[in-house]
Amino acid sequence: MLMLITYDISLDDREGATRLRRVAKICQDYGVRVQYSVFECDIAPDQWVVLKRKLLDAYEPKTDSLRFYHLGSKWRRKVEHHGAKPAVDIFGDTLIV
């Protein structure tokens, strides 16, 4: 299933930059950054449970924001991309880095 994860981490306190890096690193472990604070993660339901728990443990609910968009398994009809940063379909083909 495809999950779209967005976040806004407050940098008003000393720990903000650390939380921002931690949240970004967690997302990078499970998906692809499509914008600065937006990740697409094509993951199994059991992986989603782990990812969500890690993110909820990493952010500060009083100052930060996390949003999870469940796009499901038929996400290709729901996602349309235009403009800079051409989309790489890492979910449909083999990607060698």
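Up top you'll find the structure we're talking about.
Just so it is clear, the structure is predicted and the values come from calculations on it, not from any experiment.

Asker: Looking at this structure, how should I read the overall build of the chain?
Answerer: Within the chain, the secondary structure is distributed over two helices and four strands. Overall, the chain shows an N-to-C arrangement of helices and strands of β-α-β-β-α-β. Looking at the chain as a whole, 28% of its 97 residues are labelled buried. Considering only contacts in the chain between residues 6 or more positions apart, those separated by 24 or more positions represent 61%. For the chain, the computed accessible surface area is about 7000 Å², with 52% contributed by carbon and sulfur atoms.

Asker: Looking at this structure, I do not really get the side chain of R19. What am I missing?
Answerer: With respect to the helices and strands, R19 occurs in helix α1 (residues 16–30). When its relative accessible area of 8% is taken as the criterion, R19 is described as buried. A polar contact of 3.3 Å, which involves the side chain of R19, links it to the backbone oxygen of S10.

Asker: Explain the nonpolar core here, please?
Answerer: Note that soluble globular proteins tend to have their nonpolar side chains buried in a common cluster. Judged by nonpolar contacts, the single largest core of 17 residues is most densely connected at Y7, V23, C41, L51 and L55. The greatest single-element share of this core, amounting to five residues, is contributed by α1. Every residue in contact with Y7, bar those within four places of it in the chain, is listed here: L20, V23, A24, C27, R33, Y36, S37, F39, S65 and L66.

Asker: Quick question: what am I supposed to make of α1 here?
Answerer: Along its 15 residues, α1 runs 22 Å from first to last C-alpha, staying within 8% of the 21 Å computed at 1.5 Å per residue. Along α1, the residues classified as buried are G16, R19, V23, A24, I26, C27 and Y30. Along α1, the residues classed as buried sweep out an arc of 160° about the axis, all on the same side.

Asker: Can you walk me through the pattern of salt bridges in this structure?
Answerer: Any two side chains of opposite charge can pair, so long as their charged atoms come close to each other. Under the definition given, this model contains four salt bridges. For D13, the salt bridge is made with R19, and the minimal N-O distance between the two is 3.3 Å. Overall, the relative accessible area of 30% leaves D13 in the partly exposed class. The salt bridge partner of D29 is K25, with a shortest N-O separation of 2.6 Å. You can see D29 and its partner K25 sitting in helix α1, four residues apart, about one turn around the helix. The structure contains a network of salt bridges with shared partners spanning D13, R19 and D64.

Asker: Sorry if this is basic, but what is going on with the packing of aromatic side chains here?
Answerer: Aromatic rings considered in pairs are described by the distance between their centres and by the relative angle of their planes. With the rule as written, the count across this model stands at two aromatic pairs. For the ring pair Y7 and F39, a centre distance of 6.3 Å and an interplane angle of 20° mean the geometry is stacked. Of this pair, Y7 sits in strand β1 (residues 2–8) while F39 sits in strand β3 (residues 38–42), and the two are 32 residues apart along the sequence. Judged by relative accessible area, which is 6%, Y7 ranks as buried. In this structure F39 comes out as buried when scored by relative accessible area, which is 0%. With centroids separated by 5.0 Å and ring planes inclined at 80°, the aromatic side chains of W48 and F68 adopt a geometry described as edge-to-face. Pair noted here: W48 is in helix α2 (residues 45–58) and F68 is in strand β4 (residues 65–72), with a separation of 20 residues, a long-range link.

Cut-offs and rules
- Residues numbered from 1 in each chain as written.
- Predicted model: local features only at pLDDT ≥ 70, side-chain atom pairs only at ≥ 80, totals over all residues.
- Heavy atoms only, no water.
- Helix = DSSP H or I, 4+ residues; strand = E, 2+ residues; numbered from the N terminus.
- Buried < 20%, exposed > 50% of the residue type's maximum accessible area, 1.4 Å probe, protein only.
- Contact = heavy atoms within 4.5 Å.
- Areas by Shrake-Rupley, 256 points an atom, 1.4 Å probe, with all protein chains shown as cover.
- Polar contact = N/O pair within 3.5 Å; in protein donor to acceptor, adjacent residues only side chain to side chain.
- Core = buried A, V, L, I, M, F, W, Y, C linked by side-chain atoms within 4.5 Å.
- Expected span 1.5 Å × (residues − 1).
- Arc of directions from axis to C-beta.
- Salt bridge = Lys/Arg side-chain N within 4 Å of Asp/Glu carboxyl O.
- Phe/Tyr/Trp six-rings, centres within 6.5 Å; stacked < 30°, edge-to-face > 60°.

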